[in-house]
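# Descriptive analysis of the structure
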Amino acid sequence: MSRRASLLAKQEKRKPRVRFPDELVFLDNIKGNDIQACHSMLRRASVQLDINGLDSNGLTPLHNAVLEGNLAAVKLLLHHGADVNKQDADTWTPLHAACANGEADIARYLLYKGANRNILTDSKERPLDLCSPRNFEIISVMLESDKARLSRILNMPEDDFPYDEDQDDDGKHKNDSETDEEKSTDSTDGRPKRQATRDDIKNANTKPGSSLHKGKSSLNTVMEDASSPIPAIKPDRKSPKFGKSSAS
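Residues numbered from 1 in each chain as written. Predicted model: local features only at pLDDT ≥ 70, side-chain atom pairs only at ≥ 80, totals over all residues. Heavy atoms only, no water.

### Thoughts on helix 3 (residues 35–43)
Among all positions in helix 3, only Ile35, Ala37, Cys38, His39, Ser40 and Met41 are buried. Buried-residue contacts for helix 3 involve helix 2 (22–31) and helix 5 (71–79). (Buried < 20%, exposed > 50% of the residue type's maximum accessible area, 1.4 Å probe, protein only. Helix = DSSP H or I, 4+ residues; strand = E, 2+ residues; numbered from the N terminus. Contact = heavy atoms within 4.5 Å.)

This is how it looks when you write it as structure tokens:
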């Protein structure tokens, strides 16, 4: 390495590295809707992030997710233990923030996860009191029954990002490293699992006494009777129809 290159390398090392607080990085991921990055941060022990702590603006991560209108981030935070009724510096709960911003789907999900609709702020305001009087959707969410809410939640589209704990940071299941051959040869006799299942069902149904065997025997009997030749019916020459008429 030349002297100039060595000097530049030393100068680069002396430059202080800028490291943003984890809460700011997490908030940036929420704003960018990078749920995978949020999930990875919440699972790393080295990340200094209090999931229920207040940031410099007096908001929890769940409040920030609600204010950003990010339902996926709300689900992720609640999955990792965020307090659904935590009040911020202004004594607002996440449900207060959802009602004030008109986030109907988020408000419904917060209620589904146990949000208290009767918590009052220092100004004696309920979440419903912060709803816009012209926003009938958010008002109907706050007034709907538990049964109707559950039905709406179950009919919501599936999330693209699963929150299973048995997944790694890449979103893959830990057992996905197994090959297809290993997955398919789980039977005790070495046969592929699907093939073994099909063979067992086939052998069980074709044994004498099984329902499939009885049905097959009955069907064969019917087919044999149907395939047997029908005897020709000879006309009775003595009957009036084939005999000579009385007028002849």
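### Quick notes on the state of the cysteines
In the structure shown here, the tally under the stated rule is zero disulfides. Cys99 forms no disulfide, and the closest cysteine sulfur to it belongs to Cys131, at a distance of 3.8 Å. Classification of Cys99 as buried rests on a relative accessible area of 1%. (Disulfide = S-S within 2.5 Å.)

### Describing the packing of aromatic side chains
Per the stated rule, a full pass over the model turns up one aromatic pair. Consider the rings of Tyr109 and Tyr112, whose centres lie 5.9 Å apart with planes at 50 degrees: the pair is tilted. Within this pair, Tyr109 and its partner Tyr112 are both found in helix 7 (residues 104–112), separated by three residues, close to a single helical turn. Given the relative accessible area of 11%, Tyr109 is considered buried. (Phe/Tyr/Trp six-rings, centres within 6.5 Å; stacked < 30°, edge-to-face > 60°.)

### Notes on the environment of Asn116
By the secondary structure assignment, Asn116 is in the loop between helix 7 and helix 8 (136–143). Through-space distance from the C-alpha of Asn116 to that of His96 is 9.9 Å; in sequence the pair is 20 residues apart. Discounting chain neighbours no more than four positions away, the residues touching Asn116 are Asn85, Leu95 and Pro127.

### Things to note about the nonpolar core
Residues Val66, Val74, Leu77, Leu78, Leu95, Ile106 and Leu110 are the most contacted members of the largest nonpolar core, which totals 34 residues. Excluding residues that lie within four positions of it along the chain, Val74 makes contacts with Leu62, Ala65, Val66, Ile106, Tyr109 and Leu110. (Core = buried A, V, L, I, M, F, W, Y, C linked by side-chain atoms within 4.5 Å.)

### Remarks on the pattern of salt bridges
Within this structure, the stated rule accounts for four salt bridges. For Asp105, the salt bridge is made with Arg108, and the minimal N-O distance between the two is 3.5 Å. Of this pair, Asp105 and Arg108 both sit in helix 7, three residues apart, roughly one helical turn. Asp105 sits in the partly exposed class, given a relative accessible area of 42%. For the salt bridge of Glu144 with Arg108, the shortest nitrogen-to-oxygen distance reads 2.9 Å. With Glu144 in the loop between helix 8 and helix 9 (146–154) and Arg108 in helix 7, the pair connects residues that are 36 residues apart, well separated along the chain. Pair check on accessibility: Glu144 and Arg108 agree, each one buried. Connected through shared salt-bridge partners, Asp105, Arg108 and Glu144 make up one network. (Salt bridge = Lys/Arg side-chain N within 4 Å of Asp/Glu carboxyl O.)

### Points about a nonpolar patch on the surface
On the surface, Phe20, Leu24 and Val25 cluster together to form a nonpolar patch covering roughly 270 Å² of accessible area. Mapped onto the fold, Val25 is located in helix 2. (Patch = residues over 30% accessible without salt bridge, like charges linked within 9 Å, V, L, I, M, F, W, Y side chains within 5 Å. Areas by Shrake-Rupley, 256 points an atom, 1.4 Å probe, with all protein chains shown as cover.)

It is worth stressing that arrangement in space is one thing and function is another; only the former is reported here.
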